Amino acid sequence: MTDKKTNPKDELIPLKKINSIPNLIQDNSGKEAKVKSRQSFAKTIGLTGGIGSGKTTVAQVIEKMGFPVYYSDVRAKEIVNEDKVLKEKIKMLLGNTAYDENGFYDRKFVAEKVFNNSNLLQNLNTLIHPAVKTDFENWVKNQNSDFVFKETALLFELNLNETCYKSILVTADDRLRIKRVMDRDGKTYREIENIMQKQMSEKAKCKLADFIIYNNSTLENLKVEIEKMLAALIQNKSKF
Ligand code: ATP
């Protein structure tokens, strides 16, 4: 990941050139040190928003425009099945029945087990979040773009914005978000309101975000807002 303070744009080396560097280089002590042949200098843009804000919709539009997008929550659901070490750790925490007879993560069982047990949920997250972080780091190395986007529900809650070049918050009026999620998931008004109340406030997130996209209108208008945001991002102008 690129650090904006230590790696300003004018120092960037094209990825193609980096890819052609041999796999072995000399380290300071003169010993040969094996380094990763691929190293991305893409700037990571954190993309977040509360339930029903439209962050996935925004991510999909950005992806269609040609930017690489990492969907953290989607990957987390895959990693619990793919990462053997993580699997063993989860079994140690929650028992073997956290995985079904076919070896797949039993989401329903786990949800019931951690429901109303915030310590257990926290411990589970302590196992999953670093695995997602590593997965993202591996993914970003293979991206050939000046900017990559990381869509995640918990950007500010987990302080992930600190490792991002910029952050984008997608927000919309509460009632609109609730209606959109009711239409999407069939949840009740009260259920969604409860989830919203447990999430970080929009006010707090707005203070932390570099860019805010207000998603209170049509999808066409949302696309226009995204284009404006991308233009500002490329020109390095926050809070446009
Ligand atoms: P969650 O955190 O619950 O996953 P999200 O922030 O990713 O939500 P989306 O899934 O992108 O939100 O959007 C919620 C719903 O609202 C989706 O069904 C999406 O198609 C719809 N939606 C998003 N933006 C708009 C819009 N501007 N106009 C109409 N529908 C929209």
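Residues numbered from 1 in each chain as written. Predicted model: local features only at pLDDT ≥ 70, side-chain atom pairs only at ≥ 80, totals over all residues.

### Brief notes about the overall build of the chain
As a reminder of what qualifies: We count a stretch as a helix when DSSP gives it H or I for four or more residues in a row; a strand needs E for two or more, and each element gets its number in order from the N terminus. Here the C-beta atoms are placed from the backbone, and a residue counts as buried if at least 20 other C-beta atoms lie within 10 Å of its own, exposed if 12 or fewer do, and partly exposed otherwise. The contact rule is simple: place each C-beta atom from the backbone, and if two of them lie within 7 Å, those residues are in contact.
Per the secondary structure count, the chain includes 10 helices and 7 strands. A total of 240 residues make up the chain; the buried ones form 26% of that total. Of the contacts made within the chain by residues no fewer than 6 positions apart, 72% connect residues no fewer than 24 positions apart.

### Side note on the pairing of strand S3 (residues 43-49)
Rules: Any two strands are treated as partners once DSSP identifies two or more bridges connecting them.
Taking burial as the measure, the 7 residues of S3 include 7 buried ones, the bulk of the element. Where burial is concerned, the two faces of S3 agree: the one with Lys43, Ile45, Leu47 and Gly49 and the one with Thr44, Gly46 and Thr48 are both buried. Bridging between S3 and strand S5 (residues 147-151) involves 5 bridges; their strand directions are parallel. What sits directly across from Thr44, in S5, is Val148. Pairing between S3 and strand S6 (residues 166-171): 5 bridges, direction parallel. When the bridges of S6 are listed, Thr48 appears paired with Leu169.

### Some thoughts on the site of the ligand
To keep it simple, the criterion reads: In this entry, near means the residue's backbone-placed C-beta atom lies within 6 Å of the molecule or strand. Polar here means any residue other than Ala, Val, Leu, Ile, Met, Phe, Trp, Tyr, Cys and Pro, which are nonpolar, and Asp, Glu, Lys and Arg, which are charged; Gly is therefore polar.
Taken together, 16 residues lie near the ligand, and Gly54, Thr56, Thr57, Arg180 and Arg184 sit nearest. Sorting the residues of the shell around the ligand by element identifies helix H2 (55-64), helix H7 (174-185) and helix H10 (219-234) as the ones contributing at least two each. By residue class, the composition of the shell around the ligand is 5 nonpolar, 8 polar and 3 charged.

### Notes on helix H6 (residues 118-141)
For an α-helix the count is 3.6 residues per turn, leaving residues at separations of three or four pointing the same way. The line we're drawing: Take the number of residues in a helix, subtract one, and multiply by 1.5 Å to get its expected span.
With 24 residues, H6 ought to run about 34 Å at 1.5 Å a step, and its terminal C-alpha atoms sit 34 Å apart, in line with that. For H6, the full list of buried residues reads Leu124, Ala131, Val132, Phe136 and Val140.

### What about unusual backbone geometry?
At Asn116, a residue that is not glycine, the phi angle is positive and equals roughly 65°. Of note, Asn116 is situated in the loop between helix H5 (107-114) and H6. In this structure Asn116 comes out as exposed when scored by C-beta crowding, with 8 C-beta atoms within 10 Å. Even without glycine at this site, Asn159 takes up a positive phi of about 60°. Inspection of the secondary structure puts Asn159 in the loop between S5 and S6. A residue is classified by how many C-beta atoms lie within 10 Å of it, and Asn159, with 10 of them, is exposed.

### What about the packing of H7 against helix H8 (residues 189-198)?
As a reminder, the rule being used: Only the stretch in contact is used when fitting a helix axis, every axis being a line fitted to C-alpha atoms; angles between N-to-C directions are given from 0 to 180 degrees. By definition in this entry, angles of less than 35 degrees are roughly parallel, angles greater than 145 are roughly antiparallel, angles of 65 to 115 are roughly perpendicular, and the rest are oblique. Two helices cross in a left-handed way if the nearer one is turned anticlockwise from the farther one by less than a right angle. They cross in a right-handed way if the turn is clockwise.
The geometry of H7 relative to H8 is characterised by a closest axis approach of 9 Å and an angle of 125° between their N-to-C directions. Taken together, the axis directions place H7 and H8 in an arrangement best described as oblique. In this structure, H7 meets H8 at a crossing whose hand is right-handed. In this structure, H7 contributes Asp174, Ile178, Val181 and Met182 to the contact, and H8 contributes Tyr189, Ile192, Glu193 and Met196. Here the contact of H7 with H8 is composed, by residue class, of 6 nonpolar, no polar and 2 charged.

### Some remarks on the sheet that holds S6
With respect to topology, 5 strands assemble into an open sheet ordered S4-S5-S3-S6-S7, the strand pairing being parallel. Each of the sheet's edge strands pairs with one partner strand only, and the pair in question is strand S4 (69-71) and strand S7 (211-214). This sheet shows a mean twist of 20° between the axes of neighbouring strands, independent of strand direction. Two strands pair when backbone bridges link them, and S6 and S7 are joined in this way by 4 bridges, in the parallel orientation. Residue pairing for S7: Ile168 is matched across the bridge by Phe211. Helix H3 (residues 72-82) rests against S4 and S5 of the sheet, and its axis sits at about 55° to S4.

### Brief notes about the nonpolar core
Selection criterion: A set of buried Ala, Val, Leu, Ile, Met, Phe, Trp, Tyr and Cys residues, joined to one another through C-beta atoms within 7 Å, is what we call a nonpolar core. Domain delimitation follows an automatic or database domain assignment.
In terms of nonpolar packing, the biggest core is built from 33 residues, with Ile45, Val58, Phe149, Ile168, Phe211 and Ile213 touching the most fellow members. Of the residues that make up this core, three or more belong to each of domain 2 (42-68 + 149-240) and domain 3 (71-142). Among residues more than four places away in sequence, those in contact with Ile45 are Phe147, Phe149, Cys164, Tyr165, Lys166, Ile168 and Leu233.

### What about the pairing of S5?
Counting buried residues along S5, 4 of its 5 residues qualify, which places the element largely inside the surrounding structure. Two strands pair when backbone bridges link them, and S4 and S5 are joined in this way by 3 bridges, in the parallel orientation. Looking across to S5, one finds that Tyr71 is bridged to Glu151.

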